[in-house]
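# Notes for the structure review
The chain contents come next:
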Amino acid sequence: MAKVPLLSNIPILGNLFTWKRKENSIQSLIILITPHLLKSTEQTDRQFQKAQERNKEKDYFYNKYEKSKMKPPEETAPAEETKETK
């Protein structure tokens, strides 16, 4: 609610100096698609890899989750087998 300072505080007449704003907002999403003709599967794979590398750094979810999954596992010593003796 918006109001005019001081004048809106006057009893009875104050309602003349106050108003409610109704805001309409429109949001649009534009998606641009560029077609490419690829003649072989090798060419398709190369283009896919290039696009994937180009977009990795921009992708929030990749940076947050996938990079941590791709770290090489730490090498651990093999567990020693224990033999039960009777």
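Residues numbered from 1 in each chain as written. Predicted model: local features only at pLDDT ≥ 70, side-chain atom pairs only at ≥ 80, totals over all residues. Heavy atoms only, no water.

## Some words on the overall build of the protein
Quick note on the threshold: Secondary structure elements follow DSSP: runs of H or I no shorter than four residues count as helices, runs of E no shorter than two count as strands, and numbering proceeds from the N terminus. Only protein chains enter the accessibility calculation, which uses a 1.4 Å probe. A residue is then buried if its area is under 20% of the maximum for its type, exposed if over 50%, and partly exposed in between. In short, Shrake-Rupley with a 1.4 Å probe defines the accessible areas, and a residue's cover is counted only from the protein chains shown.
The helix and strand inventory of the protein stands at two helices and two strands. Counting from the amino terminus, helix and strand elements in the protein follow one another as β-β-α-α. Residue burial in the protein is summarised as follows: out of 86 residues, 6% are buried. Carbon together with sulfur atoms contributes 56% to the accessible area of the protein, which is approximately 9700 Å² in total.

## Remarks on a positive patch on the surface
Under the convention used in this document: Without a salt bridge and with relative accessible area above 30%, a residue can belong to a patch; like charges are then joined within 9 Å and nonpolar side chains (Val, Leu, Ile, Met, Phe, Trp, Tyr) within 5 Å. For this document, the term salt bridge refers to a Lys or Arg side-chain nitrogen within 4 Å of an Asp or Glu carboxyl oxygen. For the charge count, each Lys or Arg is scored as positive and each Asp or Glu as negative, with His and the chain ends excluded. Here the site of a charge means NZ on Lys, CZ on Arg, CG on Asp, or CD on Glu.
Positive charge collects at one region of the surface, where Arg46, Lys50, Arg54 and Lys58 lie side by side. Its place among the elements puts Lys58 in the loop between helix H1 (41-56) and helix H2 (60-70). The class for Lys58 is exposed, based on a relative accessible area of 63%.

## Overview of the environment of Phe17
The condition is simple: By definition, residues are in contact when any of their heavy atoms lie within 4.5 Å.
Position of Phe17 among the secondary structure elements: in the loop between strand E1 (2-3) and strand E2 (18-19). For Phe17, a relative accessible area of 29% puts it in the partly exposed group. Sequence-wise, Phe17 and Leu7 are 10 residues apart; in three dimensions their C-alpha atoms are separated by 6.4 Å. Excluding residues that lie within four positions of it along the chain, Phe17 makes contacts with Ala2, Lys3, Val4, Leu7 and Ser8.

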